[in-house]
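# Observations on the model geometry
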Amino acid sequence: MVILGAEFAAALQLSEGTCNDEEVSACIVALLTSAVNDLKPKKTVSEILHLVVTSGAMSHLDPLNTIPMLLPYDDPAARELIAAMGECGLAKEVVMAAQEAVERLERLLHSDDDEGNDEEQLSETNEMTSSGTTPPKKSSILTQLTLLVDLYASAIPRLKLRRKSTVDTLRPLLQDLGAVLQLACHRGTIDEGRAIISSVGKLVEKAFDWVASVSEIDSEDGLTCKKLLHELLNKTILSYSRYIRASIAQRTFIECYPRFASRSSLESGWQFGDMAISEAIAAYHRLGINSLTEKSSVSGLVISAYSAVPEDKTDTLISQNLPMFISSIQANCLLEEVLSVLTKTLYTRQRLGAPEDLPPDISVPLCSVLPAVASIHPDAPTRYITFRVLSLLLSASVPQLSFQHLVELTRDSEFPQMRVSSVGLVKEMLLQAFSKAGQKNSLFLTPLFLRTFGPILFRPNPPDLFAPTDLTFSDFQENHEPERLVECLSLYYVLLQRDEGNLTGVRDEDVLKRTSAYHPNFITEHCPGKSRHCSF
């Protein structure tokens, strides 16, 4: 029984004083139904919320009938009522209502708004309009899912185990929720996607604490529950990674190279993405997961990207996450996180002067996938950071492999942009060889360097580029050769300036003859009157 005050009794159209609990709940449901559907309701949802709160009647809300009705209703007061039911309603009923709502959303997403669904919704709309009601404004799918995740987070810790074990209780809830989250991942805004990540992180923490409170966490049931929670969090981050947008690659790059801070512009609102992923990382930590315990997993990658890297574990982090790096780069998923980890680990190796080169089984796969991102990724900062990561990788690799990779990039790359920019990488490796006294036997400081790169760099590409007599300067500018030409001449100048001992044979007479054709005078020869436009 419940004692009703005058205002609350009048709103419910009940007698003041003592009333039956079920009767009060039914009247509240009727009021909410009118508020959600009628053109002129007796009370708005906000007014009902105020009455329920001031009357202390939160426990009389009926989750099984109220949650399905309020969940699609786009109204702050409705969301507050749902949250209140999660905190105060019977935990078992709240979980049942949330589970049924998840199943309904799954059916809706599977139907993909087919023709029958549209007709059904249109029929329902016409019926409601003719009966003096108006269709309620709908919340988005991701907003509804966020509310359901929050309901689970509020109600699961209050569940009392009876016949079911923790595993039997959690498994259907988490598996169904994970399936719906994956189905809905393409249907939201950035803010909604971030809210999902944050809410799932909080759910994982609270559910894990509940498991620990009702069973031994190291028992078979406890470990299975931990695995289920871990899988849900991994699936969520993988599915909603596009919404994080915390500019972690740029922030890590600026941390390593502060001089670029003035030239970098972080994405607006990146802090909110950082806050969302921080909730997920906190959940990983609650599960006892860190970057060094996880091999090639979403959790290991994410934790490594947003945490400091132990200086003595850089090679370990690269090697154990390599498969994840490759798959993420190829799928363009969690790319910023990959670049963050590679930047900080390779930079740390270079700063500390790592005594050993990266083994080929690490450098070769990465060198095969990074050039494409550095060449054609739509985001300019991502292209630049990837290019710098490629430079760090070549510097850390076995010299013979770096030499061969550069040959392939300058000669065989399918991307014209990479054939141009890789000349700069050759110059960097050449300067690095000159700067290290102990590398006098480097392939870059032998005649093999010019025998290999000379035919690639010190002639037009294609070789007959200037053969047509009607070639105009505007035609010449329409391809990437002018940019490549500038880079090659810059490399040639550096080589002449630094190779005073003629280690590469750059001053040999036959070499000078072969490279003389690549002198800037050919512009004036082939494009008379246009040489003043040449940028070099």
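One can find the structure itself at the top, above this paragraph.
A short tour of the structure in this document, coming up. (Residues numbered from 1 in each chain as written. Predicted model: local features only at pLDDT ≥ 70, side-chain atom pairs only at ≥ 80, totals over all residues. Heavy atoms only, no water.)

### So, the side chain of N321
Residue placement: N321 occurs in helix α15 (residues 314-331). A distance of 2.9 Å separates a polar side-chain atom of N321 from the backbone oxygen of L317. Discounting chain neighbours no more than four positions away, the residues touching N321 are S296, S297, G300, L301 and S304. (Helix = DSSP H or I, 4+ residues; strand = E, 2+ residues; numbered from the N terminus. Polar contact = N/O pair within 3.5 Å; in protein donor to acceptor, adjacent residues only side chain to side chain. Contact = heavy atoms within 4.5 Å.)

### Quick word on a positive patch on the surface
Residues K92, K160, R162, R163 and K164 make up a contiguous surface patch of positive charge. One can find K164 in the loop between α8 (141-155) and α9 (166-184). The exposed category is assigned to K164, whose relative accessible area is 53%. (Patch = residues over 30% accessible without salt bridge, like charges linked within 9 Å, V, L, I, M, F, W, Y side chains within 5 Å. Areas by Shrake-Rupley, 256 points an atom, 1.4 Å probe, with all protein chains shown as cover. Salt bridge = Lys/Arg side-chain N within 4 Å of Asp/Glu carboxyl O. Lys, Arg positive; Asp, Glu negative; His and termini not counted. Charge placed at Lys NZ, Arg CZ, Asp CG, Glu CD. Buried < 20%, exposed > 50% of the residue type's maximum accessible area, 1.4 Å probe, protein only.)

### A closer look at α15
In this model, α15 (18 residues) spans 24 Å end to end at C-alpha, consistent with the 26 Å of a helix rising 1.5 Å per residue. Bending of α15 peaks at approximately 60° at the position of N321, with proline P323 no more than four residues after it. Of all the residues in α15, the buried ones are T314, L317, I318, Q320, N321, L322, M324, F325, I326, S328 and I329. Elements that come into contact with the buried residues of α15 comprise α11 (220-239), α14 (298-305), α16 (335-352) and α17 (360-376). (Expected span 1.5 Å × (residues − 1). Bend = angle between axes of the 7 residues up to and from the residue.)

### Describing the nonpolar core
Side chains that are nonpolar tend, in soluble globular proteins, to be buried together. If you look at the biggest cluster of nonpolar residues, it comprises 152 residues, and the most contacted ones within it are L145, I156 and L366. No other element matches the ten residues that α8 contributes to this core. When residues no more than four places from it in sequence are discounted, the contact partners of I156 are V95, L170, L173, L203, A207 and W210. (Core = buried A, V, L, I, M, F, W, Y, C linked by side-chain atoms within 4.5 Å.)

### Focus: the packing of aromatic side chains
What the rule picks out here adds up to twelve aromatic pairs. Taking the centre distance of 5.9 Å and the plane angle of 55° together, the rings of F260 and Y384 count as tilted. Of the two residues, F260 is situated in the loop between α12 (248-256) and α13 (270-286) and Y384 in helix α18 (residues 380-396); the sequence distance between them amounts to 124 residues. Here F260 falls in the buried class, since its relative accessible area comes to 9%. Between F403 and F444 the ring centres are 5.2 Å apart and the planes differ by 65°, which places this aromatic pair in the edge-to-face class. Here F403, found in helix α19 (residues 399-412), pairs with F444, found in the loop between α20 (416-435) and α21 (447-457); they are 41 residues apart in sequence, far enough to count as distant. No difference in accessibility class separates F403 from F444, as the two residues are buried. (Phe/Tyr/Trp six-rings, centres within 6.5 Å; stacked < 30°, edge-to-face > 60°.)

### Topic: the packing of α12 against α18
Between α12 and α18, the shortest axis-to-axis distance is 10 Å and the interhelical angle comes to 50°. In this view, α12 runs oblique relative to α18, as classed from their interaxial angle. For the element pair α12 and α18, the recorded crossing hand is left-handed. On α18, the residues touching A249, Q250 and F253 of α12 are P381, Y384, I385 and R388. When its residues are assigned to classes, the contact of α12 with α18 shows five nonpolar, one polar and one charged. (Axes fitted to C-alpha atoms, helices over the stretch in contact; angles between N-to-C directions. Parallel < 35°, antiparallel > 145°, perpendicular 65-115°, else oblique. Left-handed = near helix turned anticlockwise from the far one by under 90°. Nonpolar A, V, L, I, M, F, W, Y, C, P; charged D, E, K, R; others polar.)

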